[in-house]
Structures are given as C-alpha cells and as structure tokens.
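Each chain, letter by letter, is given below.
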Amino acid sequence: MDNWLEVTVETTDLQMEGLCARLTMNGAEGLVMESEEDFKTFLEQNRQYWDYVDDALLERMKGVARVKFYVTDDEAGREQMAAALKGIENPVSTAVLREEDWAYGWQKHYQPMAVGERWYIVPEWERGKPVPDGRTAVYLNPGLTFGTGSHASTQLCLGLLEKHLKPGDTVLDLGCGSGILSIAAMNLGAERALGVDIDPKSVDVAYENAALNGIGRDRYTVRAGDVLSDKALVEELAGTGPYRVVLANIVSDVIIPLSAQVGRYMSSDGIFMCSGIIDTRADEVEGALKKNGLRILERLERDGWCALAADLGGKQ
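Residues numbered from 1 in each chain as written. Predicted model: local features only at pLDDT ≥ 70, side-chain atom pairs only at ≥ 80, totals over all residues. Heavy atoms only, no water.

Visitor: Report on the nonpolar core, specifying residues and quantitative values.
Guide: Of all hydrophobic cores here, the largest spans 60 residues; its most connected members are Leu23, Phe69, Trp119, Tyr220 and Met273. Apart from residues lying up to four places away in sequence, Trp119 is in contact with Met113, Ala114, Arg135, Thr136, Val138, Leu158, Leu161, Glu162, Ala184, Ala185 and Leu188. Counting residues in hydrophobic clusters, the runner-up holds 27 residues, among them Leu174, Leu258, Met266 and Cys274. (Core = buried A, V, L, I, M, F, W, Y, C linked by side-chain atoms within 4.5 Å. Buried < 20%, exposed > 50% of the residue type's maximum accessible area, 1.4 Å probe, protein only. Contact = heavy atoms within 4.5 Å.)

Listed below in structure tokens is the structure:
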C-alpha cells in the first residue's frame, strides 16, 4: 500500500476560499477544508452516533481553519507539493499517512447523514442498514477527493437540487469531486449526467461511487479537465448538451468566469446551481451571473457559505 504526504496549510475562515482558489490554480488536487465551525456542525448533525465527545478533541479543533491536500510520498509528490505551495506564505506542515490509515479514519468518524429534506448520505460500509422513510440514499466511499456531504457548501447545493430537479432531467456537474451531486440527482430521477473535475483521480472515484448506487457508464460519464482553459473540453460539453441542470460546487474565483460560458450548456428552461461561495463574496458572484444574462431564482446561506440558483430568464 502506498504512503501519502498529508499537506496542511493553516489559514483563517475569511481567507479559506482565497487559499483554496490559489492552491487549485497551482495544481493542488483533492482539497479538504477543515474548520472549528464545520466540526461542530458535523457533531451536531451526527449526535445520535456519539456517546460523548472527548474534550481534548474539542480543544484541538478550537480556532482551526486549514486546508489539506495529499501527494504521494516520493520525489514526484514533493515536486507537486512545491508547485502547489508556490507564492503561498501560510504556515505549512506535512505528515506521512498510509492509505489504509486514511480509510480507517473515515470508517471511525463518518456515519450516515440526513441532508436537507430528502437526502440520506451513507458510507458504503453502512449500506444494508435501513434508510429513513421519505429519504433517498446516496452511497459513497469517501476517499482522497472532496465531497462527502458534510460541508455546508455541498449541503446547500443539495438543498437547491432537491427543490429544482425534475424526473428525466439531464445534469452537468462541474467540479464533481466524488460525484455526490450528480449521483444524488440520478438517484432522485435524473436521466443521465456528466461530471467534470480538474483532479484526474476524481474520474475513478466518481465512477466507483456511481457503481455503489447502481449507476452505470451508460448513464454517467466523468471527464478530467479545466472547464475554464481547456477549449476542447468546453466544446465537448457544449456538444453533449443542452442540460436542464448545471451544478458547480467550486469556489467564487472559478464560478465568476464560468458564468460567462455556462449558458452554452443549459437548455432554455435550464437551471444553474452554484455553491462553494463564501458569504462575503456572494454579491460579487450574483453580480457576475446577472451580468452574463442569468436571472437569480434563489439564494441560500448557511455557516458563512452561500449557494445560488439561476436560469436564463427566458433567453438562451
């Protein structure tokens, strides 16, 4: 089993989104954001699974705001780490992590989670257990890719999805990560979906998670690439559409330029749902959507994060 380097970059809640954007532009893959508030939210949502919470653990999470990513523990991985950290002056630490240790850690701490009114996010080792009435299960095998349903930005996007998705919809998931959003959409009745992520590892992860939900490659396609700079990929996406639902749970610095091209992917009655927006930049993102011909339908906020739903305003 390979070893990995866990790279931890310290930050603040207000600076976290900007740091994630910079790391992404520098080629960092599979970012994991951790904060004290997210940890408290996780505990609250899963309190039925905890007999008690160690005070020492609460103390270790006090004031935490950090971003982690993972590289292989070899020369190539260290070169990748150096490139990702170029121009970043935040405190950085590294730790050797065996892949099996990562998996075991998730199995200890990641439990089934009710999200919104309809979703029930279930780690694959918990499948077979009863799903609450009225909820739709989404089975995941959490790995080295962001997207387990515990972060507020993902939950906000799932909230928009359950409101606006219609049976038979086609879905484009930009920045798909683990595939959680597009897989959830198909579990709720979408006909087919295409996921895209800048991280090549997301392709296998999303396909694996889709298979856990009984979704084959005849209905689900995943591509690796940059939707802002890869012209061939942009043309491919436009050619496979139009899509009734376009999802982007990324960061503001990607959503803003993306807003200029997303209309190419949407059907005349399509809806663009974007999340990963820190609340201090929500007005800026909303302004960019409007500038590029999109009409804001809904705005949700939670724990300092924002999600927007928009359509073409009757125009294409």
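Visitor: Tell me about the environment of Gly287, and please be specific about residues and values.
Guide: Relative to the helices and strands, Gly287 is located in helix H11 (residues 282-291). For the pair Gly287 and Ile256, spaced 31 residues apart in sequence, the C-alpha to C-alpha distance is 8.9 Å. (Helix = DSSP H or I, 4+ residues; strand = E, 2+ residues; numbered from the N terminus.)

Visitor: Give a detailed account of the sheet that holds strand S7 (residues 136-140), specifying residues and quantitative values.
Guide: Reading across the sheet, the three strands line up as S5-S6-S7 and stay open at both edges, with mixed pairing between neighbours. Each of the sheet's edge strands pairs with one partner strand only, and the pair in question is strand S5 (113-115) and S7. If you compare each strand with its neighbour and ignore which way they point, the axes differ by 30° on average. For strand S6 (residues 119-123) and S7, the ladder comprises five bridges, and the chain directions are parallel. In the sheet register, Pro123 faces S7, and the bridge partner there is Leu140. (Pairing = 2+ DSSP bridges. Axes fitted to C-alpha atoms, helices over the stretch in contact; angles between N-to-C directions.)

Visitor: An account of the environment of Asp199 is requested, with residue identities and associated values reported.
Guide: Looking at where Asp199 falls in the secondary structure, it is placed in the loop between strand S9 (192-197) and helix H8 (201-212). Each C-alpha atom, one on Asp199 and one on Ala28, is 8.3 Å from the other, the two residues being 171 residues apart in sequence. A polar side-chain atom of Asp199 sits 2.9 Å from the main-chain amide nitrogen of Lys201. (Polar contact = N/O pair within 3.5 Å; in protein donor to acceptor, adjacent residues only side chain to side chain.)

Visitor: So what's going on with the pairing of strand S10 (residues 220-224)? Residues and values would help.
Guide: Pairing geometry for S9 and S10, over five bridges, is parallel. Note that in S10 the partner of Gly195 across the bridge is Val222. Assessed by its sense of winding, the connection that carries the chain from S9 through H8 to S10 is right-handed. (Right-handed = clockwise from strand over helix to strand, strands pointing away.)

Visitor: Kindly report on the pattern of salt bridges, identifying the contributing residues and their values.
Guide: Where charged atoms from two side chains of opposite charge approach closely, those side chains can pair. Within the structure shown, the criterion is met by 17 salt bridges. Note that Asp311 is salt-bridged to Arg295, the shortest N-O span being 2.8 Å. Linking Asp311 in strand S14 (residues 305-311) with Arg295 in strand S13 (residues 295-302), this pair joins segments that are 16 residues apart in sequence. Through salt bridges with shared partners, one network takes in Asp283, Glu286, Lys290, Arg299 and Glu301. (Salt bridge = Lys/Arg side-chain N within 4 Å of Asp/Glu carboxyl O.)

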